[in-house]
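Residues per chain are reported as follows:
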Number of protein chains: 2
Amino acid sequence: MAGNETGRRHSRDDVAEAALRILDDLGLPDLTMRRLASALDVQPSALYHHFPNKQSMLAEVADRIVAARRPVAQPDVAPWQAAVRAEADALRDALLAYRDGAEVVSSTLALGLGSPETVERLARAVALGGFDEETSRRAATALLHFVLGHVSHEQQRLQYDSLGVLADAETSPLDEDDPAAAFAFGVGLLVGGLELSRSRR
Amino acid sequence: MAGNETGRRHSRDDVAEAALRILDDLGLPDLTMRRLASALDVQPSALYHHFPNKQSMLAEVADRIVAARRPVAQPDVAPWQAAVRAEADALRDALLAYRDGAEVVSSTLALGLGSPETVERLARAVALGGFDEETSRRAATALLHFVLGHVSHEQQRLQYDSLGVLADAETSPLDEDDPAAAFAFGVGLLVGGLELSRSRR
DNA sequence: ACCTGAACACCGTTCAAGT
DNA sequence: ACCTGAACACCGTTCAAGT
């Protein structure tokens, strides 16, 4: 897909694309520098020409995953609540588009790497409700933590189901029969909390 | 602290205690089976007599971290909102008590391991508000995701600050000047959302 | 600029064997 | 029941050297 599979001499872009492929095909635990190198027909040490270390390579992967979010129209007339929900949904869908997407993005953000765009887009949607900058940023952060935690768990479950068959009654209390509904509920709580703080202002 | 430092022959309990020590002294990346073994003056393979693998050993560590939460009085007369906030605070404090505590608990819960007690205690507090069981469980899950995400980030920041000196303006948009206030804000949003859904019922 | 070859300092886990 | 000794199959990263 991102060419140059046999011809040697790769770009940073090639490396990132190959990493996304491995992530989606094999999952995060199998996305090793050595496997990535061998997918590119190159020695592991060659990767360090493109990235200083594995974490920065994963940060690039994370940025590409969230950058693929569908754009959300935010007409000034629409209720801000709908904009926030749409942003949350777009983020969830982007994370679900790659295997272990949520965990990659989560660990990257935890390390302070990755683009700030993700929080900012959420914060902008919140700010449509007229909240001040700090409130918007804090609400966006809370939303992001919920989304990443929820989707991480969702994706972990997917993997279990696909390989473990998961003996009956083997469910954790975090498991949800309807992940999409549980997701909407969680986002709804945070939006509701914002509404309430607004009406009390 | 958990005895038997030189006399060979350890119990599962000794192993878990030693793991907690290493976690708090060196952090999760340095909590390896080999280092744990050498702290107990034992060959790495000996650990597999006590735990089938590293993940189950970490699950035991996670359970001990959250089990140390301070008990929260829940008199039936007190407002349920205060009970939920108290449970969230108790959980945050327990996670902060050990280095990388949030990450250990988070990854354990993500794998479906660890005791269900953590979610259940949160759900019980929510249920004091008269919410049905599914709503309480979903709200507790949302709360838990927020708490784990927030505290994980908080602890990552602590480590950065302690070793990196962190050049000026090196802050990510997720960073907070006042983590405790940001935490209370996030919990407040979720509690507020519950209040609103209640008044609309 | 991009890569090779070789090495360093590690991992988690298994397994036969010992007491 | 609890442990040793040795091995297997890996890791991320560095570094001199090549083109």
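Residues numbered from 1 in each chain as written. Chains lettered and ligands numbered in written order. Predicted model: local features only at pLDDT ≥ 70, side-chain atom pairs only at ≥ 80, totals over all residues. Heavy atoms only, no water.

Looking at an unreviewed UniProt entry, one finds chain A named TetR/AcrR family transcriptional regulator C-terminal domain-containing protein, with Leifsonia virtsii as its source organism.

A. View of the protein's contact with DNA strand C. Around DNA strand C sit 19 residues in total, of which Arg9(A), His10(A), Gln43(A), Ser45(A) and Arg34(B) are the nearest. Among atoms of DNA strand C positioned within 4 Å of the protein, sugar and phosphate together represent 53%. Within the side chain of Ser45(A), an N or O atom sits 2.7 Å from a base oxygen of DNA strand C. Contact distances for DNA strand C include 2.7 Å between a phosphate oxygen and a side-chain N or O atom of Tyr48(B). Partitioning the surface near DNA strand C into residue classes produces five nonpolar, eight polar and six charged. (Near = heavy atom within 4 Å. Polar contact = N/O pair within 3.5 Å; in protein donor to acceptor, adjacent residues only side chain to side chain. Nonpolar A, V, L, I, M, F, W, Y, C, P; charged D, E, K, R; others polar.)

B. Looking closely at the UniProt feature "DNA-binding region" (unreviewed entry) in chain A. The positions that UniProt labels "DNA-binding region" (unreviewed entry) are, in the present scheme, residues 32-51 of chain A. With 35% helix and 0% strand, residues 32-51 of chain A has end C-alpha atoms that lie 14 Å from one another. (UniProt positions renumbered as here; feature names shortened; annotations may be inferred. Helix = DSSP H or I, 4+ residues; strand = E, 2+ residues; numbered from the N terminus.)

C. A look at the protein's contact with DNA strand D. Taken together, 19 residues sit near DNA strand D, with Arg34(A), Arg9(B), His10(B), Gln43(B) and Ser45(B) positioned nearest. For DNA strand D, the fraction of protein-proximal atoms (within 4 Å) that sit in sugar or phosphate groups is 53%. Separating a base oxygen of DNA strand D from a side-chain N or O atom of Arg34(A) is a distance of 2.5 Å. A distance of 2.9 Å separates a phosphate oxygen of DNA strand D from a polar atom in the side chain of His50(B). Of the residues in the surface near DNA strand D, the class split is five nonpolar, eight polar and six charged.

D. Molecular detail of the confidence of the model for chain A. Residue-level pLDDT values for chain A average 91, and 90% of them are 70 or greater. Note that pLDDT drops below 50 for residues 1-5 of chain A; the model gives that stretch eight contacts with residues more than four away or on any other chain. (pLDDT = per-residue confidence, 0-100. Contact = heavy atoms within 4.5 Å.)

E. Region of the structure containing the domain arrangement of chain A. All names here are of chain A. If you check the domain split of chain A, you get domain 1 (3-51) and domain 2 (66-199). Computed over C-alpha atoms only, the centres of domain 1 and domain 2 are separated by 29 Å. Listed as interface residues are eight residues of domain 1 and, on the opposing side, six residues of domain 2. Counting each side, the surface lost to burial between domain 1 and domain 2 is near 610 Å², with a carbon and sulfur contribution of 58%. Of all residues in domain 1, Leu23, Asp24 and Leu28 bury the most surface against domain 2, accounting for 65% of the area lost on that side. In this structure, the connection of domain 1 to domain 2 is made through three residue pairs in polar contact (both at pLDDT 80 or more). (Domains from an automatic or database assignment. Buried area = accessible area lost by both parts, 1.4 Å probe.)

F. Structural view of the relation of the copies chain B and chain A. For the pair chain B and chain A, the best superposition has an RMSD of 0.0 Å and corresponds to a rotation of 180° with a translation of 0.0 Å parallel to the axis. The two molecules are tied by a two-fold rotation axis, judged by turn and shift. In terms of C-alpha distance to the rotation axis, chain B has Gly193(B) as its closest residue, with the C-alpha 2.0 Å off the axis. Same-surface contact between copies: 100% of interface residues of chain B are shared with the interface of chain A. (Least-squares fit on C-alpha atoms with pLDDT ≥ 70 in both.)

G. Broad picture of unusual backbone geometry. We note that Asp41(A) has phi near 60°; this positive angle belongs to a residue other than glycine. Tracing the backbone shows Asp41(A) in the loop between helix H2 (33-39) and helix H3 (54-67).

H. Main features of helix H5 (residues 101-110) of chain B. Residues and elements named next belong to chain B. What H5 keeps buried is the set Gly101, Ala102, Val104, Val105, Thr108 and Leu109. All buried residues of H5 lie within an arc of 165° about the axis, which places them on one face of the element. Positioned one or two residues after H5, Gly112 has a phi angle of 80°, which is positive. (Buried < 20%, exposed > 50% of the residue type's maximum accessible area, 1.4 Å probe, protein only. Arc of directions from axis to C-beta.)

I. Representation of the interface of chain B and chain A in the model. Counting residues at the interface gives 38 residues for chain B and 38 residues for chain A. At the boundary of chain B with chain A, total buried surface from both sides reaches about 3,400 Å², with 65% on carbon and sulfur atoms. Sorting the residues of chain B by area buried against chain A places Arg138(B), His145(B) and Leu174(B) first, and these three jointly supply 20% of that buried surface. For the pair chain B and chain A, the interface holds six salt bridges. For Glu195(B), the salt bridge identified is with Arg200(A), shortest N-O distance 2.9 Å. Taken together, the links from chain B to chain A amount to six residue pairs in polar contact (both at pLDDT 80 or more). Broken down by secondary-structure element, the contributors of at least two residues to the side of chain B that touches chain A are H5, helix H7 (133-164) and helix H8 (179-199) of chain B. The dominant element in the side of chain B that touches chain A, judged by the number of residues it contributes, is H7(B), at 14 residues. (Salt bridge = Lys/Arg side-chain N within 4 Å of Asp/Glu carboxyl O.)

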